[in-house]
Amino acid sequence: MINKEKFLLKSYELGIIKFGEFTLKSGILSPFYVDLRPLASSPELLSELSQLLLAMLKDCRHELICGVPYAALPMATAMSLASKVPLIIKRKESKNYGTKKMLEGIFKEGQRCVLVEDVITSGKSLLETIEEVEKEGLKVKDIVVVLDRQQGGKELLESKGYHVHTLFSIENVIDILYNHDFLNQSQVVKIKDFLKEKPTVQLSAPRLTYEEKLKLQNHSVSKKLIEIALSKKTNLIASLDTHKSAEILKLAHQIGDSIVAVKLHSDIISDFTENFIHELKEIAAAKNFLLFEDRKFGDIGNTQHMQFTGGIYKISEWADLITSHVIAGEESLQVFGEKTGVVTIAEMSSKGTLTDENYKSKAIEISSKVSNVIGCVAQSKLPSALLLFTPGVNLTESGDSKGQQFNTPEKVFSDYHTDFIIVGRGIYGAKNPEEAAKKYKEEGWKAYLKNC
Ligand code: 6AU
């Protein structure tokens, strides 16, 4: 069998590792970049790699092989062909909590499955895969990894009881390349310094980027919201809780460039008309933001349906998003149909709220099941597929005299991994709302980038 070093040198020629300055998904500036996908284009190297990976597993019992999509799929396939151990395929599609099958292939509950990964960094994608494979009743004990970037992923998985067999660590790779004059002394020092100083990424629960979140979305409204966030570099929703429609229109015009959505409480507008909505929609289209009605429905499905479609406000005709409590159960949410994005109230920002841990976890469970729910209002972390909307955000106040409790954008991004901040008085109550919106936009985006 080929030795590891020879294999690495041949693979290096395919461009699987590059040196220079690369901005990683996490925002970290890295002196090297690894991409093992080109290996799949060399049958010879892929076959050699499968032998090397199988050799690490020679003392382990396993009945199935599963690659983490996509880069490890050809590796897992090659291992399966060489060892005659059956392959199963994990889908990459969003965890849709529905009936969608996540594992394809023939397997029985209780079988031991070895996982194959190309590069381990934080261990996040492996943990997600393990969860899904275990959910199907399979047992995961051993994981084979081609390259450990030495950023804490291996340790994280081992702390959870998994055995991670790595073919190379990045330090091995650097040493081999240096010994064969592919790297000079100063490059080696730079890379080793980087490995020493940096880069243990936040492991406990790394937050997803908007790009990653976008891939998990199935609803057109949640996709649109994230797309706007990315294109305008803002995660700000302005809550324009004022009484006069002319004032709302003026504010929407002033702050439209800084936001992803305007949130209304239609029932506090004293002169609400269809024409007001018409004008607001025009501004929304021109400035590229969505309309969010914070109706907080909280009744049986039949009543909610009438409140949503009828009355003065005819919310269903114009709102891109609405809020709803989940107090009346799953079916009460289905009445909103598929076009409008529903944001459920899982946890409130006010002092003494009854939305305790038990309520919140049940609200999240229901929200994860209903297809028109795109996320929740909450003051803590959510499962990654749901969008988190956090109100109670203010840069200068800590609360009001009516029970509201405020946090800063930095706090809600770092502690809750929020996706969208909702700011009311901080903007419409400011002397200069346009400037205030710009400030919240900047602070929100900065906090997002910092906590990615
Ligand atoms: O920044 P504020 O306090 O002036 O405004 C916050 C906005 C208000 C509240 O009705 C709403 O956010 N809100 C919500 C939402 C959005 O559902 C839930 C909650 O728990 N707290 C809260 O303030 O329009």
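Below: a short report on this structure.

What counts, and where the lines are drawn
Residues numbered from 1 in each chain as written. Predicted model: local features only at pLDDT ≥ 70, side-chain atom pairs only at ≥ 80, totals over all residues. Heavy atoms only, no water. Helix = DSSP H or I, 4+ residues; strand = E, 2+ residues; numbered from the N terminus. Expected span 1.5 Å × (residues − 1). Buried < 20%, exposed > 50% of the residue type's maximum accessible area, 1.4 Å probe, protein only. Arc of directions from axis to C-beta. Polar contact = N/O pair within 3.5 Å; in protein donor to acceptor, adjacent residues only side chain to side chain. Pairing = 2+ DSSP bridges. Axes fitted to C-alpha atoms, helices over the stretch in contact; angles between N-to-C directions. Phe/Tyr/Trp six-rings, centres within 6.5 Å; stacked < 30°, edge-to-face > 60°. Lys NZ or Arg CZ within 6 Å of the ring centre and 35° of its normal. Core = buried A, V, L, I, M, F, W, Y, C linked by side-chain atoms within 4.5 Å. Contact = heavy atoms within 4.5 Å. Parallel < 35°, antiparallel > 145°, perpendicular 65-115°, else oblique. Left-handed = near helix turned anticlockwise from the far one by under 90°. Nonpolar A, V, L, I, M, F, W, Y, C, P; charged D, E, K, R; others polar. Salt bridge = Lys/Arg side-chain N within 4 Å of Asp/Glu carboxyl O.

Some remarks on helix α7 (residues 185-197)
Consideration 1: For α7, spanning 13 residues, the distance from its first C-alpha to its last is 18 Å, which sits close to the expected 18 Å at 1.5 Å a residue.
Consideration 2: Along α7, the residues that are buried comprise Val-188, Ile-191, Phe-194 and Leu-195. Buried residues along α7 cover an arc of 130 degrees about the axis, so they all sit on one side. Facing away from the buried side of α7 by more than 90 degrees, the exposed set consists of Lys-196 and Glu-197.
Consideration 3: Sitting at the amino-terminal end of α7 is Asn-184, which places a side-chain oxygen 3.2 Å from the backbone nitrogen of Ser-186.

Observations regarding the sheet that holds strand β14 (residues 373-377)
Consideration 1: Taken in spatial order, the eight strands of this closed barrel run β9-β10-β11-β12-β13-β14-β15-β16, and their pairing is parallel. For this sheet the average axis-to-axis angle between neighbouring strands, irrespective of direction, equals 25 degrees.
Consideration 2: Where strand β12 (residues 321-324) and strand β13 (residues 341-345) come together, four bridges link them in parallel fashion. Following the sheet pairing, Thr-323 is matched in β13 by Val-343.

Quick notes on unusual backbone geometry
Consideration 1: Omega for the peptide link from Pro-69 to Tyr-70 comes to -10 degrees, which places this bond in the cis form.
Consideration 2: Structurally, Tyr-70 can be placed in the loop between β3 (64-67) and α3 (73-83).
Consideration 3: A positive phi is found at Asp-181, a non-glycine position, where the angle reads about 65 degrees.
Consideration 4: With respect to the element layout, Asp-181 can be found in the loop between α6 (170-179) and α7.
Consideration 5: Residue classification places Asp-181 among the exposed positions, given a relative accessible area of 69%.
Consideration 6: In this model, Lys-314 sits at a positive phi of 40 degrees, which is unusual for a non-glycine residue.

Concerning the packing of aromatic side chains
One pair of aromatic rings is described through two measures. These are the centre distance and the angle between the planes.
Consideration 1: Throughout the structure, instances matching the rule amount to 15 aromatic pairs.
Consideration 2: Taken together, a centroid distance of 4.9 Å and an interplanar angle of 50 degrees make the contact between Phe-297 and Phe-336 tilted. Residue Phe-297 is located in strand β11 (residues 290-297), and its partner Phe-336 is located in the loop between α13 (330-334) and β13; the two are separated by 39 residues in the primary sequence. Phe-336 shares its class with Phe-297; the two are buried.
Consideration 3: Within the aromatic cluster, the residues linked to one another by ring pairs are Tyr-210, Phe-292, Phe-389, Phe-420, Trp-445 and Tyr-448.
Consideration 4: Lying across the ring of Tyr-210, Arg-207 places its NZ or CZ 5.9 Å from the centre.
Consideration 5: Geometry around Phe-297 places Arg-295 over its ring, the cationic atom sitting 5.0 Å from the centre.

Thoughts on the nonpolar core
Consideration 1: Leu-225, Phe-276, Leu-321, Phe-389 and Phe-420 are the most contacted members of the largest nonpolar core, which has 73 residues in total.
Consideration 2: Beyond its immediate chain neighbours, meaning those up to four positions away, Leu-225 contacts Val-260, Leu-290, Leu-321, Ile-374, Leu-387, Phe-389 and Phe-420.
Consideration 3: Core analysis: the next-biggest nonpolar cluster, separate from the first, contains 44 residues, Phe-7, Val-34, Leu-54 and Val-119 among them.

A closer look at the environment of Lys-287
Consideration 1: The topology assignment puts Lys-287 in helix α11 (residues 274-287).
Consideration 2: In this structure Lys-287 comes out as buried when scored by relative accessible area, which is 18%.
Consideration 3: When the C-alpha positions of Lys-287 and Ser-258 are compared, they lie 9.0 Å apart, and in sequence the two are 29 residues distant.
Consideration 4: There is a polar contact of 3.5 Å between the side chain of Lys-287 and the backbone oxygen of His-253.

Observations regarding the packing of helix α10 (residues 245-255) against helix α17 (residues 433-450)
Consideration 1: Running from N to C, α10 and α17 cross one another at 50 degrees; their axes reach a closest spacing of 9 Å. Taken as axis vectors, α10 and α17 run oblique relative to one another. In this structure, α10 crosses over α17, and the sense of that crossing is right-handed. Within the contact between the two elements, α10 uses Leu-251, Gln-254 and Ile-255 and α17 uses Pro-433, Glu-434 and Ala-437.
Consideration 2: A class-by-class count of the residues in the contact of α10 with α17 yields four nonpolar, one polar and one charged.

Remarks on the pattern of salt bridges
Consideration 1: Enumeration over the complete set of coordinates arrives at 22 salt bridges.
Consideration 2: In this structure, the salt-bridge partner of Asp-419 is Arg-207, at a minimum N-O distance of 2.9 Å. Here Asp-419 is found in the loop between α15 (409-416) and β16 (420-423), whereas its partner Arg-207 is found in the loop between α7 and α8 (210-216), with 212 residues between them in sequence. As far as burial versus exposure is concerned, Asp-419 and Arg-207 are alike and both buried.
Consideration 3: Here Asp-294 and Lys-296 are joined by a salt bridge, their closest N and O atoms 2.9 Å apart.
Consideration 4: With a relative accessible area of 24%, Lys-296 lands in the partly exposed category.

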